[in-house]
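# Per-entry structural report
One letter stands for each residue in the lines below.
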Amino acid sequence: MAAPDELFCWEGDWGLPSINTDCLVVLAYAQFAGAPLKLRKISNPWRSPSGSLPALRTNQKETLSRPSDIIIHLRKQKYNADYDLSAKEGADSLAFISLMEEKLMPALIYTFWIEPKNYVDVTRRWYAEHMPFPLNFFLPGRMQRRQLEKLQLLRGDESLEAGEELEKELYRDAAECMNLLSQRLGSHKFFFGDSPSSLDAYVFGHLAPILKSKLPNGKLQQCLKSLDNLTNFCTNILLLYFPRDNRESSSQKTSSQPEGGDFDHVPNKRRKQILSALVALGAMLSYALLTGMVSIQHVQQEALEEPPDLQPIGSHDDEEGDG
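Residues numbered from 1 in each chain as written. Predicted model: local features only at pLDDT ≥ 70, side-chain atom pairs only at ≥ 80, totals over all residues. Heavy atoms only, no water.

- In the annotation of an unreviewed UniProt entry, the protein chain is listed under the name Metaxin and assigned to Amphiprion ocellaris.
- The annotation that UniProt attaches to the protein chain under Sequence similarities (unreviewed entry) is "Belongs to the metaxin family."
- One UniProt comment on the protein chain, placed under Subcellular location (unreviewed entry), says "Mitochondrion outer membrane". (UniProt positions renumbered as here; feature names shortened; annotations may be inferred.)

This is the structure in structure tokens:
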């Protein structure tokens with residue numbers, strides 16, 4: 001029997017199996033189609049066979065990164081969640097997926113990567129705390145620049161700048177898209193009958209991070225939560241297909257203290273800030289020594305005693321698990 005394909009994804013949080021939209025699309029489709037993948041959840045994209053996430057390494061040692069390419073590969077392996085769709089339903093599915101790419105994805109990128117408070121307080125912090133040292137110092141910023149480039153490409157505007165006018169336009173388009181999805185779903189459990197399809201995977205992948213994340217600027221989340229059938233849709237998929245991640249989220253809520261103002265957990269925040277500063281100072285000194293910017297001429301014997309190693313904050317190595 002051939003070895004299963006390996007799927008590399010960003011690890012999960014917020015009660016989601018992954019925090020990344022593309023990873024969620026692939027994970028959901030694989031669950032819907034019953035594809036027996038070997039799942040590796042990691043927090044270091046450089047450990048992926050493609051250097052990015054998601055990535056599928058087939059048992060033929062081929063590597064695929066785009067969700068659409070991964071889904072096509074799974075279909076060729078006879079894992080087809082769209083098998084029962086009619087020609088019209090297949091066309092509708094493609095049309096809605098294109099609509100999300102055009103109208104919803106730009107708002108997603110803006111919400112998580114461009115909006116200043118969301119990026120600093122949630123997105124950058126999450127990646128900095130989960131990536132290994134020293135990648136956590138420069139990769140989040142590099143990822144933000146790539147997301148800005150993607151947004152400029154999607155909008156066809158290289159001079160795109162964050163601001164109230166852009167935010168209103170993006171959120172207006174996203175609201176229009178979500179309303180159309182809500183109308184299409186209606187009172188049904190899934191978009192095409194009683195079984196989920198690739199469209200359900202794409203909708204879940206785009207909406208679940210908006211629904212489950214805790215963002216300072218939650219305008220897009222408020223818009224989604226006003227559409228009960230879409231929020232129930234995301235919740236049902238989590239309960240049916242990712243119950244373990246949903247249970248972990250519930251247990252974390254039970255064990256954590258209630259949310260409060262900006263001054264909650266001050267001692268813990270201060271400790272993290274101090275450790276972050278110490279780690280950053282160590283990294284800068286190491287860089288200076290390695291590049292010759294600073295040289296050591298003479299050191300007394302007692303000064304040669306090294307201080308204990310500092311552990312970088314949140315530098316979890318890849319957390320691999322079989323799915």
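## Side note on the nonpolar core
- Core analysis: the largest hydrophobic core is formed by 83 residues, its most contacted members being Trp10, Met100, Phe191, Phe204, Leu207, Leu230 and Phe233.
- The element that contributes the greatest number of residues to this core is helix H3 (residues 87-114), accounting for 13 residues.
- Once you skip the residues sitting within four places of it in the chain, Leu207 turns out to touch Leu104, Met178, Leu224, Leu230 and Cys234. (Core = buried A, V, L, I, M, F, W, Y, C linked by side-chain atoms within 4.5 Å. Buried < 20%, exposed > 50% of the residue type's maximum accessible area, 1.4 Å probe, protein only. Helix = DSSP H or I, 4+ residues; strand = E, 2+ residues; numbered from the N terminus. Contact = heavy atoms within 4.5 Å.)

## A word on the environment of Asp245
- Within the secondary structure, Asp245 sits in helix H10 (residues 243-255).
- Judged by relative accessible area, which is 11%, Asp245 ranks as buried.
- Residues Asp245 and Ser18, 227 residues apart in the sequence, show an inter-C-alpha distance of 9.1 Å.
- Residue contacts for Asp245: discarding those within four places in its chain leaves Gly15, Leu16, Pro17 and Lys41.

## Some thoughts on the packing of helix H1 (residues 21-33) against helix H7 (residues 198-212)
- Relative to each other, H1 and H7 sit at 140 degrees, their axes nearing to 8 Å. In terms of orientation, H1 and H7 fall into the oblique class. Here H1 runs over H7; the crossing is right-handed. Together, Thr21, Leu24, Val25, Ala28, Tyr29 and Phe32 of H1 and Ser198, Asp200, Ala201, Tyr202, Phe204, Gly205, His206, Ala208 and Pro209 of H7 make up the contact between the two elements.
- Partitioning the contact of H1 with H7 into residue classes produces 10 nonpolar, 4 polar and 1 charged. (Axes fitted to C-alpha atoms, helices over the stretch in contact; angles between N-to-C directions. Parallel < 35°, antiparallel > 145°, perpendicular 65-115°, else oblique. Left-handed = near helix turned anticlockwise from the far one by under 90°. Nonpolar A, V, L, I, M, F, W, Y, C, P; charged D, E, K, R; others polar.)

## Some thoughts on the sheet that holds strand S1 (residues 6-10)
- Across the sheet, which stays open at both edges, the 4 strands sit in the order S2-S1-S3-S4 with mixed pairing between neighbours. Edge positions in the sheet fall to strand S2 (38-42) and strand S4 (63-64), since each of these pairs with one other strand and no more.
- Bridging between S1 and strand S3 (residues 55-57) involves 3 bridges; their strand directions are antiparallel. Each bridged residue has a counterpart across the sheet, and for Leu7 the counterpart in S3 is Leu56.
- H1 rests against S1 and S2 of the sheet, and its axis sits at about 140 degrees to S1. (Pairing = 2+ DSSP bridges.)

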